[in-house]
Amino acid sequence: VQLQAFGGGVVQPGGSLRLSCVASGDIFRINAMAWYRQAPGKQRELVATISSRGTTRYEDSVKGRFTISRDNAKNTVYLRMNSLKPEDTAVYYCNGEVQTSPNYEFEYWGQGTLVTVSS
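What counts, and at which threshold
- Residues numbered from 1 in each chain as written.
- Predicted model: local features only at pLDDT ≥ 70, side-chain atom pairs only at ≥ 80, totals over all residues.
- Heavy atoms only, no water.
- Disulfide = S-S within 2.5 Å.
- Helix = DSSP H or I, 4+ residues; strand = E, 2+ residues; numbered from the N terminus.
- Pairing = 2+ DSSP bridges.
- Axes fitted to C-alpha atoms, helices over the stretch in contact; angles between N-to-C directions.
- Buried < 20%, exposed > 50% of the residue type's maximum accessible area, 1.4 Å probe, protein only.

Enquirer: Please explain the state of the cysteines as it appears in this structure.
Expert: Covalent bonding between the sulfur atoms of two cysteines is what defines a disulfide. Counted by the stated rule, this structure contains one disulfide. The partner cysteine of C21 in its disulfide is C94, sulfur to sulfur 2.0 Å. Around the S-S axis, the bridge from C21 to C94 shows a dihedral of about 55 degrees and counts as right-handed. Of this pair, C21 sits in strand β3 (residues 17-24) while C94 sits in strand β9 (residues 90-101), and the two are 73 residues apart along the sequence.

Now the structure itself:
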């Protein structure tokens, strides 16, 4: 199983980006998915999660600005980021709890995509 994240880039403060993360491989079912980020010199932090049924949770600093969603048919999770701030600058990682069979679930990480918010 592989998770591939893309969509990062350079954006001005107040701008928007949409990140995507596609899971591929021997997938029976994908349960929870999430986005994390790691800013320079800081620990990785959880940004948003979405359950298999679509229940979402957000870190306080992104509430009202970021939206996590998923397309189960495409094994894809998205992160729509609006009103971006310089402090959102980080490498963003996707994460998924993937079942490769009815009895086995593993945690997988994408490779990260860099988001830079700068004027």
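So much for the structure itself; the text now carries on.
Enquirer: I keep staring at the sheet that holds strand β1 (residues 2-6) and nothing clicks. Help me out?
Expert: Pairing in this open sheet of four strands is antiparallel, and the strands run β1-β3-β8-β7 from one edge to the other. Every interior strand has two partners, whereas the edge strands, β1 and β7 (66-71), have only one. Across the sheet, the mean angle from the axis of one strand to that of its neighbour is 15 degrees, orientation sign disregarded. Across five bridges, β1 lies against β3 in antiparallel orientation.

Enquirer: Please clarify how unusual backbone geometry should be interpreted in this entry.
Expert: Note on backbone geometry: most residues besides glycine have negative phi, and most peptide bonds are trans. One non-glycine residue, N75, lies in positive phi territory at about 50 degrees. Checked against the element boundaries, N75 lands in the loop between β7 and β8 (76-81). A residue is classified by how much of its surface remains accessible, and N75, at 24% relative accessible area, is partly exposed. Of note in the backbone geometry, S83 takes a positive phi value of approximately 50 degrees without being a glycine. Counting through the fold element by element, S83 comes out in the loop between β8 and β9.

Enquirer: What is the right way to read the pairing of strand β5 (residues 45-50) from this model?
Expert: If a strand is regular, its side chains alternate between the two faces of the sheet. Of the pairings in the sheet, the one linking strand β4 (residues 29-38) to β5 comprises five bridges and is antiparallel in character. Paired with Y36 across the strands is L46, a residue of β5. Relative to strand β6 (residues 56-58), β5 runs antiparallel, the two sharing three bridges. Bridge pairing in β6 places T49 opposite R57. Counted between consecutive antiparallel strands, the loop separating β5 from β6 contains five residues, among which G54 sits at a positive phi close to 100 degrees.

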